[in-house]
Amino acid sequence: MALLGIGVANVFAFLFGRCIYRDWNGAATFWSNTYKESRGIPPDRFTFFDVPTAKAMGFFYMLMGIYWTGGALVVTIQSMLASSI
């Protein structure tokens with residue numbers, strides 16, 4: 001049962017990553033601007049945490065969500081099959 005919870009949590013990690021990767025509602029832009037503001041960097045100056053970097057982070061959240069959800073499903077199915085034998 002806990003594995004299903006892990007799978008559901010990672011579905012939300014995937015959705016969170018997709019929101020950032022697609023820059024819905026300016027999510028990646030907001031994170032980039034917030035980072036610059038917290039460091040006292042002017043908004044037009046380049047940093048390593050600009051929008052493309054935030055989008056890459058969102059992409060990796062998507063990959064992590066797919067990987068861990070798939071793993072949780074495989075282990076859940078294996079345990080169900082093992083308990084039915």
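Let me begin by describing the structure that accompanies this report. Please read all numbers here as calculations on a predicted model, not as lab measurements. All residue numbers here refer to positions counted from 1 along the written sequence of the relevant chain. Under the rules for a predicted model, residues below a pLDDT of 70 receive no local features and side-chain atom pairs below 80 are neither given nor counted, while totals for whole chains, interfaces and linings still include all residues. Hydrogens and water are ignored here; the side-chain numbers use all heavy atoms of the structure.

1. Remarks on the pattern of salt bridges
- Salt bridges are identified by distance alone: a Lys or Arg side-chain nitrogen within 4 Å of an Asp or Glu carboxyl oxygen. On inspection of all chains with the given rule, the structure shows one salt bridge.
- Among the ionic pairs, K36 bridges to D50, the shortest N-O distance being 2.9 Å. With a gap of 14 residues between them, K36 in helix 2 (residues 27-39) and D50 in the loop between helix 2 and helix 3 (51-84) connect regions that are remote in the sequence. Taken as a pair, K36 and D50 share a single burial class, namely buried. Secondary structure elements are defined from DSSP: runs of H or I of at least 4 residues count as helices, runs of E of at least 2 residues count as strands, and each element is numbered from the N terminus. Exposed residues in this analysis have more than 50% of their type's maximum accessible area, buried residues have under 20%, and partly exposed residues fall in between, with area computed by a 1.4 Å probe over protein chains only.

2. Quick look at the environment of T53
- Looking at where T53 falls in the secondary structure, it is placed in helix 3.
- Among the residues examined, T53 registers a relative accessible area of 34% and is labelled partly exposed.

3. Remarks on the nonpolar core
- For the purposes of this section, nonpolar cores are sets of buried Ala, Val, Leu, Ile, Met, Phe, Trp, Tyr and Cys residues that join through side-chain atoms within 4.5 Å. In terms of nonpolar packing, the biggest core is built from five residues, these being I20, A27, A28, F49 and A54.
- Only heavy atoms enter the contact rule, under which two residues are in contact if any of them lie within 4.5 Å. Filtering out sequence-adjacent residues up to four positions away, A28 remains in contact with I20, D23, V51, A54 and K55.

4. So, the side chain of T69
- Mapped onto the elements, T69 comes out in helix 3.
- We classify T69 as buried; its relative accessible area is 14%.
- Separated by 2.7 Å, the side chain of T69 and the backbone oxygen of G65 make a polar contact.
- Dropping the residues within four chain positions of it, T69 is found in contact with G7, N10 and V11. Any pair of nitrogen or oxygen atoms within 3.5 Å is treated as a polar contact; in protein, a donor-acceptor pairing is required on top of that, and neighbouring residues in sequence qualify only through side-chain atoms on both sides.

5. Some points on the packing of aromatic side chains
- Pairing of aromatic side chains requires ring centres within 6.5 Å, counting the rings of Phe and Tyr and the six-membered ring of Trp. Pairs whose planes differ by under 30 degrees are stacked, by over 60 edge-to-face, and all others tilted. All told, the structure shown has seven aromatic pairs when counted by the stated rule.
- Ring centres 5.7 Å apart and planes at 50° place the aromatic pair F16 and W31 in the tilted group. Of this pair, F16 sits in helix 1 (residues 2-21) while W31 sits in helix 2, and the two are 15 residues apart along the sequence.
- Among the residues examined, W31 registers a relative accessible area of 28% and is labelled partly exposed.
- Ring geometry for F46 and F48: centres 5.7 Å apart, planes at 75°, overall edge-to-face. Grouping residues by exposure puts F46 and F48 together as exposed.
- One aromatic cluster is present, built from ring pairs that chain together F16, W31 and Y61.

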